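Structure assessment
One letter stands for each residue in the lines below.
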Amino acid sequence: MQTTDRTVDIGSTGVPDLGDVAGHWVGADEIAHLPSLRNQQGQAHVNHDLTSLSWVAAPPFTFGYHTGELSVDGVIPAAQHFLWKPWGVVREFRGDGLHLTTDTRMGLSQDLLLWRIVVTNESSEARTVELAQDLFAMVAHSDVGYGWLYDGPWNHGRHHDFMALERIRATTGGGERHYLLSPAPRRLRLGRPRIPGIQRDEDHGPMLLDDALPAHVSGDTEPEPRVGVAGALRGLQVEGADGEVARCGDEGIVLTPDGETSLDRFVLSPGMKIGFELQLEAAEQSGTVLTHGNHPDSLQIGVEGGRLWVGITGEREFTDAELTVGDWHHVRVDVEPDHVVLSLAGSEVARTRHWTASRRWAARIEDGTVAFADSQSPARAVYAFFGPSGELWTEGAGGRAAWTCRLEPGQIMSIGISCAYGTDADAVSAQARIAAEGFEATMSASEDGWRRLWASMFTPNNADFTGHLPTFITKDTGLARTYYMGALQALYQRSTRIRPGEPVFLTGGPRLGPTTTYFWDHSEWSRLYALLEPDGLRSWLLRVLAGPYQDSFGIENLGGGPLGNAYSANDYALFRLIEHYVCITGDLAFLDETTGGTTVLAHLERLGLGWRAKRSAATGGVLADFGDDPWQLLECVPTYTGVVASFNGAYVSSTRSLAGLYRRLGRHEEAKVAEVEAGQLAAGLLDLYAGSGRWQVRRPDGTDTIGHCLDFGLVAAALHRELPDRIRREMADFVTDRLLVGGWMRALSPDDPIAAASDRPDHGAAGAFAAWPGVTAHGLARLGCRDRAIALLRDLPSAASGGLWGQAMEIVTTADGQHRARVAERGVATRECIAGAAGAEAVLSALFDINPTFATGGPVSLPATLSVDGVGTLTHLDPVR
């Protein structure tokens, strides 16, 4: 089956059918990032096979490992094609005369997973088919630990182990057999381990998506103590499978609880042996002795109460081998692809096991269902079935359902499976049984519910949102699809359980952040947000402003705490969100609300005038200097620090906006000062122009030139009226000639000097973040190039990989040498990103010139209907106030 073209005409008569907005068949060889599931309170990823799910998270519930694969006549087939819709994912396989399709869903606003398995005999002869579905429900319950890197259940407790779970996912559908060992070279370290997370092995290594992400964990859990032991280690040897010995440390090494010794880097490979002699200085110690790398899946050896343990990839095995203080003990680890053996004085004392042999979860048969219980939390799960009778049994920590059926030529067999989860065993069992008994109605209810929410989004005074979005009527199918896909992006990432009474829009996922919103990402759809959910935005802003937003990039909405490191974008993002909320809703009283010990207006002033505290004499003393930490700007462009054009342009806009607000409030002297300062900032910003559409980056130690879309977008938005015609042309041509490609764009020009050190498909030269095309289209329109903005926005749906846009959209080259974009999967890129709604935002801002700001004196008055020649018409535009 080939990928189908999305030729359905949408937008010409109003709000399109939800099934026509997004989602078309894609081949497994066409996509990198597999589709996801969401249900307004949880999220999950489909895998390479026909049925299993990973990364299931519906806080306070999370699932570990995966839910089990389907085998056909003893073989696990890989899905050949995928079809995503908001309510579920269809996977397909054809082979040996059989056609299999599976439809996997999360029950809308329910703790419920659903599978429909359909088998068709397409051969000319009758045949017997044996189906077997593995059943796993490694589910846990917790109210804490939901950072961007959220905790998941493992055999040994709860922690975030991104790389291990992704390697387990890669085994599905006949993939890699073994998952235990990372293919990355890592340093051997002795003593105190580093902070767990997705860490660079070197403090100053490349900033790549693959292994560079700080430990963005929530602050509501007590981290595992990071201590070494007091003692000594000698005779450390690493022996490869070929018998070659690398002597990492013949001499004795003193171990202290707070010390670390970094040794050679190597890949942990099958057949490898790591041996050493260990001497403890004190009895009953607990701490780490050795770790290979500093990731959660790293091989580690330590002691607990003076007894040895070994850990790797979510597993930790403890021993009864107590080490005598003062004696030298010979310790050895034998590494194999599917297990690790720990030996003491030549005798085996511990061996890791496969995840399916977990001792944490128990499975049992209960009257035609398979029930699961977690021994470390009150979480329970039950599988129930619809259709032909099968055989059930339990194996290790899981179960299996099997069916043997005779199919005539053309005959079809359908099986339904439900899995409910919760904390009340009886209620969970009842829910699973009811869902299975009325299986087809249960499946339909999910789709019907999504369609109802979709209709509500565009209906004034609806029952689901406190506002609504305008209806876009146009003959341009590409623009219509960009607008309505952006609206769907917001709906798809909405969660109604995290904050009861306040819908939350998640930033990404499903592999990360099931409760997280980033300030910056939210600002990329701030107009739409204020129109669709004004009450929710108001509530969210009050919570954010009450916390230390200057020191974090976002908020963990379940616990309500700050998350991550500071972003230089925070002033711009939060100012824009407040400004758009007030100007669109007319809620000027919001500025007088008190939160975080001061008024919203005072917060707005601190945000809009944040440049005053960031000026540095070393970099000219006029523009804001954002410091030397690249994690606070673009995370992957090492030279993008200090004075940059982008956020200084944002400060020009915010300072001018405040001047308008001051005039409205009768603070005329402050308005004059703000206007003068904005002019000084604008003049200083123009001095950064380097020619050919590029901008300087100034630091105390020198100056670089960069060609990045963020500089283009924010400078064009702020200075479009005062930029000389030559610079306007050069900026627009730079975008067209150097950044736009494959129906998408690159964030960084590929010929930029720093491009080779910034190989990321979100902010580097390999592709572009979900928001950047919308930001760029807005900039093009502000520079007078509306035709180019329309062309860019029209092309965006082609890049969505059969679904919606992801955090990182990478540019790939096809066999015929053409470029196209797809949702990136490598590293920690997320399958969806709320910033993808920026395309729809740009339809409003770039094409209909809806740009509310305090600079015009206060709230705007939107008409009920707005038309633009060559673009279309917005109806139901005026917000409910």
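Keep in mind that what you see is a predicted model, and the values were worked out from it rather than measured.

As a further point, take the overall build of the chain. Broken down by element type, the chain carries 17 helices and 51 strands. Since a compact globule built from 881 residues should have a radius of gyration of about 29 Å, the 28 Å found for the chain is in line with a globular shape. Scored against the burial criterion, the 881 residues of the chain give a buried share of 62%. With an accessible surface of roughly 30100 Å², the chain has 48% of that area assigned to carbon and sulfur atoms. Of the side-chain charges in the chain, 75 are positive and 110 negative, and the distance between the mean point of each set is 4 Å.

What follows concerns the sheet that holds strand 12 (residues 139-141). With antiparallel pairing, five strands are arranged side by side in an open sheet as 2-3-4-5-12. Both outer strands of the open sheet, strand 2 (36-38) and strand 12, are each paired with one neighbouring strand and no more. Strand-to-strand twist of the sheet, defined as the mean angle between neighbouring strand axes without regard to direction, takes the value 15°.

Turning our attention to the packing of helix 11 (residues 645-664) against helix 12 (residues 668-686). Interaxial distance between helix 11 and helix 12 falls to 8 Å at its minimum, and their mutual angle equals 160°. In terms of orientation, helix 11 and helix 12 fall into the roughly antiparallel class. Where helix 11 crosses over helix 12, the handedness of that crossing is left-handed. In this structure, helix 11 uses Ala645, Asn648, Gly649, Tyr651, Val652, Thr655, Arg656, Ala659, Tyr662 and Arg663 to contact helix 12, whose residues at the interface are His668, Glu670, Ala671, Ala674, Glu675, Glu677, Ala678, Leu681, Ala682 and Leu685. Across the contact of helix 11 with helix 12, the residue classes tally to eleven nonpolar, four polar and five charged.

This brings us to helix 14 (residues 725-739). When the terminal C-alpha atoms of helix 14 are compared, their 21 Å separation across 15 residues agrees well with the 21 Å that a helix rising 1.5 Å per residue should span. Of the positions making up helix 14, those classed as buried are Ile727, Arg728, Met731, Ala732, Phe734, Val735 and Leu739. Relative to the axis of helix 14, the buried residues are bounded by an arc of 150° and lie together on one face. The exposed set on the far side of helix 14, more than 90 degrees from its buried face, consists of Asp725, Arg729 and Asp737.

Quick look at the pattern of salt bridges now. Taken as a whole and assessed by the stated rule, the structure comprises 58 salt bridges. Ionic pairing is found between Arg38 and Glu832, a salt bridge with its closest N-O pair at 3.2 Å. Of this pair, Arg38 sits in strand 2 while Glu832 is found in the loop between strand 49 (819-823) and helix 17 (838-847), placing the two residues 794 residues apart along the sequence. The same class applies to Arg38 and to Glu832, which are both buried. Among the charged side chains, a network of salt bridges with common partners joins Asp17, Asp103, Arg105, Arg116, Glu440, Glu447 and Arg451.

The subject of this paragraph is unusual backbone geometry. Cis geometry is found at the peptide bond from Pro59 to Pro60, where omega equals 15°. Counting through the fold element by element, Pro60 comes out in the loop between strand 4 (53-58) and strand 5 (61-63). For Asp73, which is not glycine, the phi torsion reads 50° and is therefore positive. By secondary structure assignment, the location of Asp73 is in the loop between strand 6 (70-72) and strand 7 (81-85).

So, on to empty space enclosed by the protein. Under the defined criterion, the tally for this structure stands at five cavities of 30 Å³ or more. In this model, the second largest cavity occupies a volume close to 80 Å³. Lining the second largest cavity are Trp55, Phe63, Gly64, Tyr150, Asp151, Gly152, Pro153, Trp154, His159, His160, Asp161 and Leu165. Grouping the constituent residues of the lining of the second largest cavity by class yields six nonpolar, four polar and two charged.

As a further point, take the pairing of strand 4. Taken residue by residue, a regular strand's side chains alternate between the two faces of the sheet. Counting buried residues in strand 4 gives six out of six residues, a clear majority hidden from the surface. Here strand 3 (residues 43-46) pairs with strand 4 via three bridges, running antiparallel. Looking across to strand 4, one finds that Gln43 is bridged to Ala57. The antiparallel hairpin formed by strand 3 and strand 4 contains six residues in its connecting segment. Two strands pair when backbone bridges link them, and strand 4 and strand 5 are joined in this way by two bridges, in the antiparallel orientation. Opposite Ala57, over in strand 5, you have Thr62 as the bridge partner. Linking strand 4 to strand 5, which pair antiparallel, is a turn of two residues.

What follows deals with the packing of helix 9 (residues 570-585) against helix 10 (residues 600-608). Taken N-terminus to C-terminus, the directions of helix 9 and helix 10 make an angle of 140°; their axes are 8 Å apart at the nearest point. Judged by the angle between their axes, helix 9 and helix 10 are oblique. As for the relative orientation of helix 9 and helix 10, their crossing is left-handed in sense. Together, Asn570, Asp571, Leu574, Phe575 and Ile578 of helix 9 and Val600, Leu604, Arg606, Leu607 and Gly608 of helix 10 make up the contact between the two elements. Its residues placed into classes, the contact of helix 9 with helix 10 shows six nonpolar, two polar and two charged.

Attention now moves to the confidence of the model for the chain. Chain-level pLDDT for the chain is 94 on average; 96% of the residues reach the 70-or-more range. Note that residues 1-5 has pLDDT below 50 and, in this model, eleven contacts with residues that lie over four places away or in other chains.

Below, the discussion takes up the packing of aromatic side chains. All chains considered together, the criterion is met by 38 aromatic pairs. Taking 6.4 Å as the distance between ring centres and 90° as the angle between the ring planes, the aromatic pair formed by Tyr65 and Trp361 counts as edge-to-face. Residue Tyr65 is found in the loop between strand 5 and strand 6, and its partner Trp361 is found in strand 28 (residues 361-366); the two are separated by 296 residues along the sequence. With respect to burial, Tyr65 and Trp361 carry one shared label: buried. Taking 5.8 Å as the distance between ring centres and 70° as the angle between the ring planes, the aromatic pair formed by Phe372 and Tyr383 counts as edge-to-face. With a gap of eleven residues between them, Phe372 in strand 29 (residues 369-374) and Tyr383 in strand 30 (residues 380-386) connect regions that are remote in the sequence. An aromatic cluster of at least three residues, connected via ring pairs, comprises Trp148, Tyr518, Trp520, Phe553, Tyr567, Tyr572, Phe626, Phe647, Tyr651, Phe769 and Trp772. One cation-aromatic arrangement involves Arg234 over Trp328; the distance from NZ or CZ to the ring centre is 3.9 Å.

We now examine helix 5 (residues 477-492). Between its first and last C-alpha, helix 5 extends 21 Å over 16 residues, near the 22 Å set by a 1.5 Å rise per residue. Summarising burial for helix 5: 15 of the 16 residues are buried, a large majority. By the N-cap criterion, in which a side-chain oxygen at the helix start approaches the backbone nitrogen of a residue two or three places on, helix 5 is capped by Asp476, the distance to Gly478 being 3.2 Å.

Turning to the environment of Tyr640, a few remarks are in order. Among the structural elements, Tyr640 can be located in the loop between helix 10 and helix 11. Taking relative accessible area as the criterion, Tyr640 reaches 0% and is therefore assigned buried. As for Tyr640 and Phe626, which are separated by 14 residues in sequence, their C-alpha atoms are 9.5 Å apart. If we ignore the near neighbours within four places in the chain, the residues touching Tyr640 are Leu633, Leu634, Ser646, Val697, Ile706, Leu710 and Asp711. A polar atom in the side chain of Tyr640 sits 2.8 Å from the side chain of Ser646.

Our focus in this paragraph is the sheet that holds strand 50 (residues 866-868). On the basis of which strands lie adjacent, the open sheet formed by three strands has the order 34-51-50 and antiparallel pairing. Looking along the sheet, the strands with just one partner apiece sit at the ends: strand 34 (471-473) and strand 50. Mean inter-strand twist for the sheet, computed between neighbouring axes without regard to direction, equals 15°. The pairing of strand 34 with strand 51 (residues 872-875) spans three bridges and is antiparallel. When the sheet's bridge partners are listed, Ile473 is paired in strand 51 with Thr873.

Attention now goes to the side chain of Thr120. Here Thr120 lies in strand 10 (residues 112-121). The exposure class assigned to Thr120 is buried, which follows from its relative accessible area of 14%. Excluding its chain neighbours within four sequence positions, the residues that come into contact with Thr120 are Gly97, Leu98, His99, Gly410, Gln411 and Ile412.

Rules of the game
Residues numbered from 1 in each chain as written. Predicted model: local features only at pLDDT ≥ 70, side-chain atom pairs only at ≥ 80, totals over all residues. Heavy atoms only, no water. Helix = DSSP H or I, 4+ residues; strand = E, 2+ residues; numbered from the N terminus. Rg over C-alpha atoms; globule rule 2.2 N^0.38 Å. Buried < 20%, exposed > 50% of the residue type's maximum accessible area, 1.4 Å probe, protein only. Areas by Shrake-Rupley, 256 points an atom, 1.4 Å probe, with all protein chains shown as cover. Lys, Arg positive; Asp, Glu negative; His and termini not counted. Charge placed at Lys NZ, Arg CZ, Asp CG, Glu CD. Pairing = 2+ DSSP bridges. Axes fitted to C-alpha atoms, helices over the stretch in contact; angles between N-to-C directions. Parallel < 35°, antiparallel > 145°, perpendicular 65-115°, else oblique. Left-handed = near helix turned anticlockwise from the far one by under 90°. Contact = heavy atoms within 4.5 Å. Nonpolar A, V, L, I, M, F, W, Y, C, P; charged D, E, K, R; others polar. Expected span 1.5 Å × (residues − 1). Arc of directions from axis to C-beta. Salt bridge = Lys/Arg side-chain N within 4 Å of Asp/Glu carboxyl O. 1 Å grid on protein atoms, 1.4 Å probe; cavity = no way out; pocket = protein on both sides within 12 Å on 5 of 7 lines; lining within 4 Å. Points joined across faces, edges and corners; volume = space filled by probe spheres on them. pLDDT = per-residue confidence, 0-100. Phe/Tyr/Trp six-rings, centres within 6.5 Å; stacked < 30°, edge-to-face > 60°. Lys NZ or Arg CZ within 6 Å of the ring centre and 35° of its normal. Polar contact = N/O pair within 3.5 Å; in protein donor to acceptor, adjacent residues only side chain to side chain.

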